[in-house]
Amino acid sequence: MYAKHTTDPDRAAAPHPGDAWPADAPHPCENWPDNGGRFRETLDRIGDKWSVLVIGILSRGPLRFGALHQRVPGVSQRMLTLTLRHLERDGVVSRTVYAEVPPRVEYQLTPLGESLRTIVHALAQWVTDHHEEIESARDHYDAR
């Protein structure tokens, strides 16, 4: 969530999670080369709803496609397939095919994917903790 400590003078050391970002330090959301294009591309992939759900579910261990499909609420087979391909391409998920009849395929988080475990769990917990507040705010906004 925060930038790693670096000797680059344009990138300040990150505060501890929960601390306010120092006013004199550029925040990682605003301090990227290429005008933030790669940052947004990665965030689009890792932060989309299906990816977050897949990462969260796979954080408990490897699963076959069918079992994963049953556990991701509302996802179509096509969208799950696309999500898994994208996460595999990005190095977040690995796909293992076992030479059996019929073939068995399992998906699991890679070490890079495992590094997202705490972040995804924290995000899921935040949504759970604040769902009612968000719904209330939406109702209030829509009633205006």
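Everything numeric here is computed off the predicted structure, so don't read it as measured data.

Student: Whenever I open this one, the pairing of strand S2 (residues 93–98) confuses me. Can you help?
Tutor: For a regular strand, side-chain orientation follows a simple rule: the groups alternate between the two sheet faces. Where S2 meets strand S3 (residues 104–109), 6 bridges bridge the pair, whose relative direction is antiparallel. Of the residues in S3, the one forming a bridge with Ser94 is Gln108. Hairpin geometry of S2 and S3 is characterised by an intervening segment of 5 residues between the two adjacent antiparallel strands.

Student: Help me understand the packing of helix H1 (residues 37–47) against helix H2 (residues 49–58), please; the structure alone is not making it clear to me.
Tutor: Helix packing for two helices is described by the angle between their axes and how far apart those axes are. Relative orientation of the contacting elements H1 and H2 amounts to 60°, with a least axis distance of 5 Å. One element, H1, and the other, H2, form an angle in the oblique class. Residues Arg45, Ile46 and Gly47 of H1 pack against Lys49, Ser51, Val52 and Ile55 of H2. Here the residues of the contact of H1 with H2 are counted per class, giving 3 nonpolar, 2 polar and 2 charged.

Student: Just checking my understanding: could you explain helix H4 (residues 77–89) for this structure?
Tutor: Working note: α-helix, 3.6 residues per turn, so residues spaced by three or four point in the same direction. Helix length check: H4, at 13 residues, gives a terminal C-alpha distance of 18 Å against a target of 18 Å (1.5 Å per residue), a fit within 8%. Looking at H4, one finds that the buried residues are Leu80, Thr83, Leu84 and Leu87. Projected down its long axis, H4 shows its buried positions confined to an angular sector of 95°, all on one face. Turned more than 90 degrees from where H4 packs its buried face, Arg78, Arg85 and Arg89 sit exposed. Each element contacted by the buried residues of H4 is listed here: H1, H2, helix H3 (65–71), S2 and S3. Following H4 by one or two positions, Gly91 adopts a phi angle in the positive range, close to 80°.

Student: I keep staring at the confidence of the model for the protein chain and nothing clicks. Help me out?
Tutor: A low pLDDT means the predicted coordinates there should not be read in detail. When pLDDT is averaged along the protein chain, the result is 86, and 88% of the positions lie at 70 or above. Overall, residues 1–12 carries pLDDT values under 50, and its contacts beyond four positions in sequence, including any with other chains, amount to 19 contacts.

Student: Before we go on, may I ask you to explain the sheet that holds S2 in this structure?
Tutor: Within a sheet, each strand pairs with its neighbour through backbone hydrogen bonds, oriented either parallel or antiparallel. Across the sheet, which stays open at both edges, the 3 strands sit in the order S1-S3-S2 with antiparallel pairing between neighbours. Across the chains shown, the open sheet's two edge strands, defined by having one partner strand only, are strand S1 (63–64) and S2. When S1 meets S3, the two strands line up antiparallel, connected through 2 bridges. When the sheet's bridge partners are listed, Arg64 is paired in S3 with Glu106. Contacting S1, S2 and S3, H2 runs over the sheet at an angle of about 100° to S3.

Reading the values: rules and limits
- Residues numbered from 1 in each chain as written.
- Predicted model: local features only at pLDDT ≥ 70, side-chain atom pairs only at ≥ 80, totals over all residues.
- Heavy atoms only, no water.
- Pairing = 2+ DSSP bridges.
- Helix = DSSP H or I, 4+ residues; strand = E, 2+ residues; numbered from the N terminus.
- Axes fitted to C-alpha atoms, helices over the stretch in contact; angles between N-to-C directions.
- Parallel < 35°, antiparallel > 145°, perpendicular 65-115°, else oblique.
- Contact = heavy atoms within 4.5 Å.
- Nonpolar A, V, L, I, M, F, W, Y, C, P; charged D, E, K, R; others polar.
- Expected span 1.5 Å × (residues − 1).
- Buried < 20%, exposed > 50% of the residue type's maximum accessible area, 1.4 Å probe, protein only.
- Arc of directions from axis to C-beta.
- pLDDT = per-residue confidence, 0-100.

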